[in-house]
Amino acid sequence: PAFYDDKPGGPCKTRRVRLDGGGLEPVIRAAVSLAEDAAQEGRPVVVCPPVATFSGDKADEKSLRQGLVLSVELDERAAAGVDVLRRVLGPPTLVVASGGTWADPGTGEVQPRLHAHWRLNEPTQAPDEHQRLKRARTLACDLVGADASCKSAVHPMRWAGTVHRKNPAAPRLARIVEENPDSEISLDDALDELEGLAALRAGRDHPPAGEELPRACAERAANPDPEGAAWDRLGMAFRRAAGGGGADDELLRACAERIPNPDLAWA
């Protein structure tokens, strides 16, 4: 779908595509046609199909057929947010500069707003799987302060190759700034790691989880050598994550050495 991107808002145009086993060519043709029409409209239009498939004519959560990606929409400190998630989830499949910008209030530096997508190695298909994907997207958004509206897998996001025209005097092309076409994530693994980090950041009042939770937190990204107070704080966090005990010191140290950002874990 495409929507008017100015104050009156409202729907503009839609291209419906049926997938009948003939590959992605019909999707590509429809996307190009929609982008061309949007660029020629007298009013600014945002082309933003959800990265998902649907049953029926509506693109809402009740009609969601397959959730395909874990996505975040970063409006502030976008590059830093993508870097944090990269350490937790691995390389994003795609990062798109949406055409919008954000000015750092401290330095005045103008930074691009980014959309980052991690393709699932298995799409979600059942309602409980859709809920797990929404939970993972929620935790990822909370971790890096992303736009809360993208917690749902049906949230529309501006597509690369379309024109950002919110400021008619300065249109910008939404473009791909990073592409890792072979990069995929397991939803179960991603959710384990994000749940673990959420528990560490909460620091209290969460249920015991045994050794699986700190192991899930520690599985991917490395922090070279936590020092002194950082190690003490992380060690206590992992003990809480393990239910107040039960995880041996070797496990706790191995986990702490792999937390992507000690300061973030304690924010």
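Preceding this section is the structure that the text describes.
A brief report on the enclosed structure follows. On a predicted model such as this, the values are computed, not experimentally measured, just so you know.

## As for the overall build of the protein
- Within the protein, the regular secondary structure consists of eight helices and eleven strands.
- A buried classification covers 42% of the 267 residues belonging to the protein.
- Summarising the internal contacts of the protein: among those between residues at least 6 apart in sequence, 69% fall at separations of at least 24.
- Of the roughly 14100 Å² that the protein leaves accessible, carbon and sulfur atoms contribute 49%.

## Some remarks on the packing of aromatic side chains
- Counted under the stated rule, the structure contains zero aromatic pairs.
- The cationic tip of Arg43 hangs over the ring face of Tyr4; the distance from NZ or CZ to the ring centre is 3.8 Å.

## Notes on the nonpolar core
- Ranked by size, the top nonpolar core spans 35 residues in total, and within it Leu70, Val72, Leu85, Leu89, Trp118, Leu143 and Leu194 carry the most contacts.
- Taken together, the elements giving at least two residues each to this core come down to strand S5 (64–74), helix H2 (78–89), strand S6 (94–103), strand S7 (110–124), helix H3 (127–144) and helix H4 (187–202).
- Here the element with the most residues in this core is H3; it accounts for seven residues.
- Judged by nonpolar contacts, the second largest core, of six residues, contains Ala2, Leu34, Ala38 and Val47.

## Topic: the layout of surface pockets
- Reported here for the largest pocket is a volume of approximately 1800 Å³.
- Val27, Pro50, Ala52, Thr53 and Trp159 are, among the 42 residues lining the largest pocket, the residues nearest its centre.
- The class makeup of the residues in the lining of the largest pocket is 25 nonpolar, eight polar and nine charged.
- Approximately 360 Å³ is the volume found for the second largest pocket.
- In terms of lining, the second largest pocket is formed by 20 residues, of which the most central are Glu73, His115, Arg158, His164 and Lys166.
- Of all elements in the fold, only S6 and S7 reach the threshold of two or more residues within the lining of the second largest pocket.
- Looking at the lining of the second largest pocket, the element that brings in the most residues is S6, giving four residues.
- Its residues assigned to classes, the lining of the second largest pocket shows five nonpolar, eight polar and seven charged.

## Remarks on the pattern of salt bridges
- The final tally for this structure, using the stated rule, is ten salt bridges.
- Between Asp83 and Arg87 there is a salt bridge; the shortest N-O distance is 3.0 Å. Here the residue Asp83 and the residue Arg87 both occupy positions in helix H2, the gap between them amounting to four residues, near one helical turn.
- A salt bridge links Glu178 to Arg86, with the nearest nitrogen and oxygen atoms 2.7 Å apart. Of this pair, Glu178 sits in strand S10 (residues 175–179) while Arg86 sits in helix H2; the two residues are 92 residues apart in sequence, bridging distant segments of the chain.
- By relative accessible area, Arg86 is classed as partly exposed at 28%.

## Overview of unusual backbone geometry
- Non-glycine residue Arg77 carries a positive phi angle of around 50°.
- The exposure class of Arg77 is partly exposed, given its relative accessible area of 44%.

## With respect to H3
- Look at H3: 26 Å from first C-alpha to last across 18 residues, which is about the 26 Å you get at 1.5 Å a residue.
- Of all the positions in H3, only His130, Leu133, Ala136, Arg137, Thr138, Leu139, Ala140, Cys141, Leu143 and Val144 are classed as buried.
- With its phi angle positive at about 70°, Gly145 sits one or two positions after the end of H3.

Rules and cut-offs
- Residues numbered from 1 in each chain as written.
- Predicted model: local features only at pLDDT ≥ 70, side-chain atom pairs only at ≥ 80, totals over all residues.
- Heavy atoms only, no water.
- Helix = DSSP H or I, 4+ residues; strand = E, 2+ residues; numbered from the N terminus.
- Buried < 20%, exposed > 50% of the residue type's maximum accessible area, 1.4 Å probe, protein only.
- Contact = heavy atoms within 4.5 Å.
- Areas by Shrake-Rupley, 256 points an atom, 1.4 Å probe, with all protein chains shown as cover.
- Phe/Tyr/Trp six-rings, centres within 6.5 Å; stacked < 30°, edge-to-face > 60°.
- Lys NZ or Arg CZ within 6 Å of the ring centre and 35° of its normal.
- Core = buried A, V, L, I, M, F, W, Y, C linked by side-chain atoms within 4.5 Å.
- 1 Å grid on protein atoms, 1.4 Å probe; cavity = no way out; pocket = protein on both sides within 12 Å on 5 of 7 lines; lining within 4 Å.
- Points joined across faces, edges and corners; volume = space filled by probe spheres on them.
- Nonpolar A, V, L, I, M, F, W, Y, C, P; charged D, E, K, R; others polar.
- Salt bridge = Lys/Arg side-chain N within 4 Å of Asp/Glu carboxyl O.
- Expected span 1.5 Å × (residues − 1).

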